Amino acid sequence: MIGAMVVVLAVLAQVMLVNRLPLPAGGAPDLVLLAVVGVTLDRGPVAGAMVGFFSGLLVDLMPPTAHLMGQYAFVLAVVGYVAGRGAGGPATTVVLCVLIAPLVAVGVAGLISDPRVSLSTLTQQVPVTVLYTLIVAPVVIWLATRGRQPRYST
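Conventions used here
- Residues numbered from 1 in each chain as written.
- Predicted model: local features only at pLDDT ≥ 70, side-chain atom pairs only at ≥ 80, totals over all residues.
- Heavy atoms only, no water.
- Helix = DSSP H or I, 4+ residues; strand = E, 2+ residues; numbered from the N terminus.
- Buried < 20%, exposed > 50% of the residue type's maximum accessible area, 1.4 Å probe, protein only.
- Expected span 1.5 Å × (residues − 1).
- Arc of directions from axis to C-beta.
- Contact = heavy atoms within 4.5 Å.
- 1 Å grid on protein atoms, 1.4 Å probe; cavity = no way out; pocket = protein on both sides within 12 Å on 5 of 7 lines; lining within 4 Å.
- Points joined across faces, edges and corners; volume = space filled by probe spheres on them.
- Nonpolar A, V, L, I, M, F, W, Y, C, P; charged D, E, K, R; others polar.

(A) Seen up close, the environment of G26. Tracing the chain through its elements places G26 in the loop between α1 (2–16) and α2 (31–40). Taking the relative accessible area as the measure of exposure, G26 reaches 52% and is therefore exposed. Sequence spacing of G26 and P64 is 38 residues, and the spatial spacing of their C-alpha atoms is 17 Å.

(B) Up close: the environment of L119. Tracing the backbone shows L119 in helix α6 (residues 119–145). Taking relative accessible area as the criterion, L119 reaches 64% and is therefore assigned exposed. For the pair L119 and V106, spaced 13 residues apart in the sequence, the C-alpha separation amounts to 9.7 Å.

(C) View of α1. Here α1 spans 21 Å end to end across 15 residues, near enough to the 21 Å set by a 1.5 Å rise per residue. Along α1, the positions that sit buried rather than exposed are G3, V6, V7, A10, V11, Q14 and V15. Buried residues of α1 fall within an arc of 155 degrees about the axis and therefore sit on the same side. Looking at α1, the residues exposed on the side facing more than 90 degrees away from the buried face are I2 and L9. Buried residues along α1 sit in contact with α2, α3 (45–61) and α6.

(D) Here's a closer look at the layout of surface pockets. Of the pockets and cavities examined, the largest pocket occupies roughly 1100 Å³. Taken together, 39 residues form the lining of the largest pocket, with N19, D30, Y72, Q125 and T129 sitting closest to its centre. Among the secondary structure elements, those contributing two or more residues to the lining of the largest pocket are α1, α2, α4 (71–85), α5 (90–111) and α6. Of all the elements, α5 adds the most residues to the lining of the largest pocket, at six residues. Here the residues of the lining of the largest pocket are counted per class, giving 25 nonpolar, eleven polar and three charged. Considered as a void within the structure, the second largest pocket measures approximately 230 Å³ in volume. In this structure, the second largest pocket is lined by V6, L9, A10, A13, L31, A35, V139, V140, L143, A144 and R146. Counting residues per element, the ones that place at least two in the lining of the second largest pocket are α1, α2 and α6. Tallied by class, the residues present in the lining of the second largest pocket amount to ten nonpolar, no polar and one charged.

Dropping the structure here:
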């Protein structure tokens, strides 16, 4: 229940605040991605894929949408699965998920022939988004995992 609240708050903050900030280089951090990673770090790959899928559907439904329905649901399901599997530790998993999410999104957009995706998107927009997301990652991950009991307690 708390995980769902974290994701909904992240979606609302992303749409109402972050996307409207005039940040240098035109990028913005992806709070929803970080919320999905934070919520699914200790829950396993199946729960991670489900949280990512439903979070992505919520992002797909929130205006303004300029992409196909289900595009971000797929991307965040993949990210949730990877976050649930883990990659050596929480910090490594967060960095890996932040790096693969925009690449999967660009790959999916390229497969469906999205005219907004080009080589300049991959070389200019993606690095800026990754950098901004990594900058805010410690705060968002801390907020998403705060108060949660470890999965394997002694």
